[in-house]
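Letter by letter, the chains look like this.
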Amino acid sequence: MSQLAFGSPKSKSFELPGAKPQYNPDRYGQVTHIALDLKLDIPNQICTGTCVTTLNPIRNGINSIVMDAVDMEILSIGVSGNAQNYSYDGKQLSIALTNALTIGQAVTIEIAYKLDKPDRGLYFIYPTEHEPNKPVQVWTQGEDEDSRYWFPCFDYPGQLASSEIRVEVPSSFTAVSNGSLSRVEDQGNSKIYHWIQTEVHPTYLMTLAVGEFSEIRDEWNGKDITYYVEKGKEDAARLTMGKTPRMVEFYSKTYGYPYAYPKYAQVCVDDFIFGGMENTSTTLLTDRCLLDERAAIDNLRAETLVAHELAHQWFGDLVVIKHWSHAWIKEGAATYAEVLWLTHEYGADLGRYYWLGQAREYLDEDSSRYRRPLVTHVYREAIELYDRHIYEKGSCVYHMMRVELGDDLFFKTIATFLKDNAHNTVETIDLLRAVEKTTGRNLTFLFDQYVYRGGHPDYKVSYSWDNDSNLAKVAVTQTQVADGETDGLFDLKIPIAFTTNNVSKSFTVRIHQRDQAFYFPLESKPDFVSFDAGNNTLKTVELDYPLPELSAQLNQDPDCLSRLHAAAAIAKKGNLEALKTLEKALTTEAFWGVRLEIVEAIGTIKLDQTEAVLINALKDPEARVRRAVVVALAEQKTASAYQAVKALVEAGDASYLTESSAIAALGTFATSGLPEAPAESEVLAILKSVLETREGWNQVVRSGAISALSRMKTSAAALELLQEYTQPKVPQALRLAAIRALGAISIGQTPTQLEQILNRLRELSRDRFFLTQVAIIAALGQMETTKAIPLLSSFVALPDGRVKRMAEEAIQRVQSKSGSDASVKQLREELDTLKKDNQTMKSRLEVLEAKEAKV
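Just so we're clear, the structure is a prediction, and the values are computed from it rather than from any experiment.

**What about the overall build of the protein?**
Scanning the protein from terminus to terminus reveals 26 helices and 31 strands. Here the C-alpha radius of gyration of the protein, 29 Å, is about what a compact globule of 855 residues would show, namely 29 Å. Overall, the C-alpha framework of the protein stretches about 100 × 65 × 50 Å when taken along its three principal axes. A burial count over the protein gives 58% of its 855 residues as buried. Restricting the contact set of the protein to residue pairs at least 6 apart, pairs at least 24 apart contribute 70%. Positive and negative charge centroids in the protein, built from 91 and 113 side chains respectively, lie 2 Å apart.

Set out below in structure tokens:
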């Protein structure tokens, strides 16, 4: 397991300048229904319509109402049929009521409005000069608070109402929305679709998707399960989403609450700005998730995306968060739903390994970006909360709840939580209440440490055996740094197991101090010890065990996570015995996830013999293992490693991703600086050929060539080729990769070439497309010159909170790196050379010692 740096410095603050406490607004009453009647002028990107909001007043005497409505032309406003005076500042609509509101007397607020080329909320997709094959589509995105960009509303999650959408579209188009299709009216050249959602939901989950879609039908328990895709992509739709009926059945049984809506639709749209969006009964997905047969070999992302968005129909749609600060409840549950499905579909090992991957995603953000509590109401915009904390750490919290309660009580708790709060709003405390109601348990101790405060424990564990007294000693140190408010220590009960002859004996100890030592009387010396047996605690751990015990754990522990932890610890020994132990395990390990980790561990051992072990591992039948081998070989930077990877590139691989990684590795070899490095011209010729001849799913293979070019940091020719692929005519996925790569390649370029890069990024910054802006910021954030900061600052000035935050964090990274200069880079190169020389001497010494031992 990759670990955080031991004793890492205090994390950066999540809160950026301008952050402040955020609360839901006061309510005028309960919104009971929202009705939209829309007409789309797709060629001109115009939407005209009316929004009728039914409001039940909660108190008397209210004589004005403020609604959210951004960048609209307001045509008229009425209340219960009577025209009203209003003022509008482009963001909020203030309505002066002729008659004050009265409890018990519902009113309708009728607003006629027009959208002209909206920036957010409602997106018009259409062919362009450079993308003539792009489909014509219109779709919406509401989360977090973007529904206000496409209809006037009270735009926060605490208001739940039923809804309906009536929309007129060209006759060849299909319109898909929430709920049930009430009717379709044929108007000759146009059609009017009328969708009605009877179950209450918040404004951010209202949706509309329009396009010339192909509809594929499935069903579950008599309810329609439908997939909408661009025509010609029907096979990809079934390959990608075809498991949905079984998933609906699985989650209905697992959560103890049947799927609640009349249908479930998934609509794959072009240029979608996220992976997916769980609108009530109608999920929108990026069309980039659609797989072909080759992509499906080693790609779980599409399947877990489908599972994640479906699980939101329970967590987020059926049970709605009351305020954005509690978003972890729904995002953590949906992310953990991915683990549940993969375990069900593929077995426990894959489920456990996937969960570890989630934990690592969070750990990486915690160490490199910032640390924060899962629940916080201090931010600038709610979208800032959508990070690896609420998704992956949230998933880990659900898993720890499950382990603490046991499977039976955990899933009974989930059922109680859903039944008690169905079609209503919740906060974090409601989850704790469901635990107590169902089980009598109080999990506040867990939430106080993992939910309401940031961080996790970092453990360093050592083991020794006293043969005279038959005592096992396990010493544990919590190495995490105090956070300023507490001493940083966690107080947890951790199981420690000792295994002898495949029989385990487990002890649970309380770890709550900085340094603790535990002594365990055993009948005989154990074969191995398992700290946090089962590996169910969100943590980092560094194991300091003798090699025989680690070897036994690697080969015998039934828990796949324990085995891969052992592999990492063995590799840290760094000697020939460690390498041979890992090499042997690579041939006997059944689960590909552990083999992958063994390969990564082998790659860290700096011995000459490492390379031969890795080259042999290229024969592994699992594509994901071969991909790890390629990455490890690239770090060897030798002629034989290059030839092995080059052969794979020339022959290709069954997996797009493995082939792409091999191509990317060529850039590492070309810049190794070693005598046996391939000529730049040779590598460039291969990369040009790849870019010109190898198409494929989502441009993954060709993007490998872009990655290779980005590593050739001193090559003017590589830079020139990269810039060619930032042109508008280049397929979007490849173009975005090339834009991002400009940042990586900039680090070794001359001042003149650096200025070329900055000028190109300035030109590209005129593009309003969200994903292009993200790619430009990513490129600028990799640069080591303060000249990147003015352009980044221009993004900070944009209104989109996502773009603003990314740009601000990129500025911080540039400022921290801009002190690098030529002398520092030279020192790095000299250090790499010394490491290589040291590796050679160490390898020779290992061989001599081995020969001497045989004598």
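On we go.
**Describing the environment of Ile-165**
If you trace the backbone, Ile-165 turns up in strand β12 (residues 161-170). In the structure, Ile-165 is positioned 128 residues away from Asp-37 in sequence and 6.0 Å away in space, judged by C-alpha atoms. Ignoring any residue separated from it by four or fewer positions in sequence, one finds Ile-165 in contact with Leu-36, Leu-38, Trp-150, Ser-177, Tyr-193, His-194, Trp-195, Met-206 and Thr-207.

**Concerning unusual backbone geometry**
In the segment running from Glu-143 into Asp-144, the intervening peptide bond is cis, with an omega of 5°. Assignment of secondary structure puts Asp-144 in the loop between β11 (137-140) and β12. Positive phi, close to 60°, is recorded for His-423, a residue that is not glycine. By the secondary structure assignment, His-423 is in the loop between α7 (407-421) and β24 (424-426). One non-glycine residue, Asn-470, lies in positive phi territory at about 50°. Along the polypeptide, Asn-470 turns up in the loop between β25 (458-466) and β26 (471-478).

**Side note on helix α19 (residues 700-711)**
Between its first and last C-alpha, α19 extends 17 Å over twelve residues, near the 16 Å set by a 1.5 Å rise per residue. Extensive coverage of α19 is indicated by the burial of ten of its twelve residues. Along α19, the residues that are buried comprise Val-700, Val-701, Arg-702, Ser-703, Gly-704, Ala-705, Ile-706, Ala-708, Leu-709 and Ser-710. The inward-facing, buried residues of α19 abut α17 (656-670), α18 (680-693), α20 (716-724) and α21 (732-745).

**Overview of the sheet that holds strand β4 (residues 64-68)**
Ordered by their spatial adjacency, three strands build an open sheet running β4-β8-β7, and the pairing between neighbours is antiparallel. Each having just a single partner strand, β4 and β7 (85-88) make up the two edges of the open sheet. Shown here is a sheet whose adjacent strand axes are inclined to one another by a mean of 20°, direction ignored. Where β4 lies against strand β8 (residues 92-96), five bridges are found, and the strand directions are antiparallel. Residue pairing for β8: Met-67 is matched across the bridge by Leu-93.

**A short note on the packing of helix α6 (residues 388-405) against α7**
Contact pair α6 / α7: the axes reach a minimum separation of 6 Å and the direction vectors enclose 125°. One finds that α6 runs oblique with respect to α7. By crossing handedness, the relation of α6 to α7 is classed as right-handed. Across the interface between the two elements, Tyr-398, Met-401, Arg-402 and Leu-405 of α6 pack against Asp-407, Leu-409, Phe-410, Phe-411, Thr-413 and Ile-414 of α7. Here the residues of the contact of α6 with α7 are counted per class, giving seven nonpolar, one polar and two charged.

**Let's talk about the sheet that holds strand β21 (residues 282-286)**
Strands sit in the order β17-β18-β19-β21-β20 across an open sheet of five strands; the sheet is mixed. Because the sheet does not close on itself, it has two edges, and the strands there are β17 (213-220) and β20 (276-277). For β17 and strand β18 (residues 223-230), the ladder comprises eight bridges, and the chain directions are antiparallel. Residue Phe-213 lies in a different strand from β18, and its bridge partner there is Glu-230. The sheet contacts of helix α2 (residues 244-254) involve β17, β18 and β19 (263-269), and relative to β17 the element is tilted by about 40°. Against the sheet, helix α3 (residues 301-311) contacts β19, β20 and β21, and its axis sits at roughly 150° relative to β21.

**Points about the confidence of the model for the protein**
On average, residues of the protein carry a pLDDT of 94, and 94% of them reach 70 or more. Contacts for the low-pLDDT stretch residues 1-9, under 50 throughout, to residues beyond four places or in other chains number 24 contacts. This model gives residues 820-825 a pLDDT under 50, and the stretch forms four contacts once residues within four places in sequence are excluded.

**Regarding the pairing of strand β5 (residues 73-79)**
Relative to strand β9 (residues 107-116), β5 runs antiparallel, the two being bridged by six bridges. The residue of β9 that forms the bridge with Gly-78 is Glu-110. Judged from the two bridges that link them, β5 and strand β6 (residues 82-83) form a sheet pairing that is antiparallel. The residue bridging Gly-78 from the neighbouring strand is Ala-83, located in β6. Hairpin connection, β5 to β6: the antiparallel pair is bridged by two residues, and Ser-80 has positive phi, about 50°.

**A few points about α17**
In a regular helix each residue adds 1.5 Å, so 15 residues correspond to 21 Å; α17 covers 22 Å between its end C-alpha atoms and thus fits that length. Most of α17 is tucked away, with 14 of its 15 residues classed as buried. Between the side-chain oxygen at the start of α17 and the backbone nitrogen of Leu-657 there is a gap of 3.1 Å, and the oxygen is on Ser-655.

**Let's talk about the packing of aromatic side chains**
In total, this model carries 34 aromatic pairs according to the counting rule given. Between Tyr-123 and Trp-139, the ring centres sit 4.4 Å apart and the planes meet at 20°, which makes this aromatic pair stacked. With Tyr-123 in strand β10 (residues 122-125) and Trp-139 in strand β11, this residue pair connects regions lying 16 residues apart in the sequence. On the basis of relative accessibility, which here comes to 13%, the residue Tyr-123 falls in the buried class. When the centroid spacing of 5.2 Å and the interplanar angle of 75° are considered together, the rings of Tyr-255 and Phe-315 count as edge-to-face. With Tyr-255 in the loop between α2 and β19 and Phe-315 in the loop between α3 and β22 (319-321), this pair connects stretches of sequence that are 60 residues apart. Judged by relative accessible area, Tyr-255 falls into the buried class, the value being 3%. Of the residues examined, Phe-315 reaches a relative accessible area of 2% and is grouped as buried. Over the ring of Tyr-391 we find Arg-388; its NZ or CZ atom is 5.4 Å from the centre of that ring. For Arg-624, the ring lying beneath its charged end belongs to Trp-592, and the centroid distance is 4.1 Å.

Here is what the cut-offs are and how they apply
Residues numbered from 1 in each chain as written. Predicted model: local features only at pLDDT ≥ 70, side-chain atom pairs only at ≥ 80, totals over all residues. Heavy atoms only, no water. Helix = DSSP H or I, 4+ residues; strand = E, 2+ residues; numbered from the N terminus. Rg over C-alpha atoms; globule rule 2.2 N^0.38 Å. Buried < 20%, exposed > 50% of the residue type's maximum accessible area, 1.4 Å probe, protein only. Contact = heavy atoms within 4.5 Å. Lys, Arg positive; Asp, Glu negative; His and termini not counted. Charge placed at Lys NZ, Arg CZ, Asp CG, Glu CD. Expected span 1.5 Å × (residues − 1). Pairing = 2+ DSSP bridges. Axes fitted to C-alpha atoms, helices over the stretch in contact; angles between N-to-C directions. Parallel < 35°, antiparallel > 145°, perpendicular 65-115°, else oblique. Left-handed = near helix turned anticlockwise from the far one by under 90°. Nonpolar A, V, L, I, M, F, W, Y, C, P; charged D, E, K, R; others polar. pLDDT = per-residue confidence, 0-100. Polar contact = N/O pair within 3.5 Å; in protein donor to acceptor, adjacent residues only side chain to side chain. Phe/Tyr/Trp six-rings, centres within 6.5 Å; stacked < 30°, edge-to-face > 60°. Lys NZ or Arg CZ within 6 Å of the ring centre and 35° of its normal.

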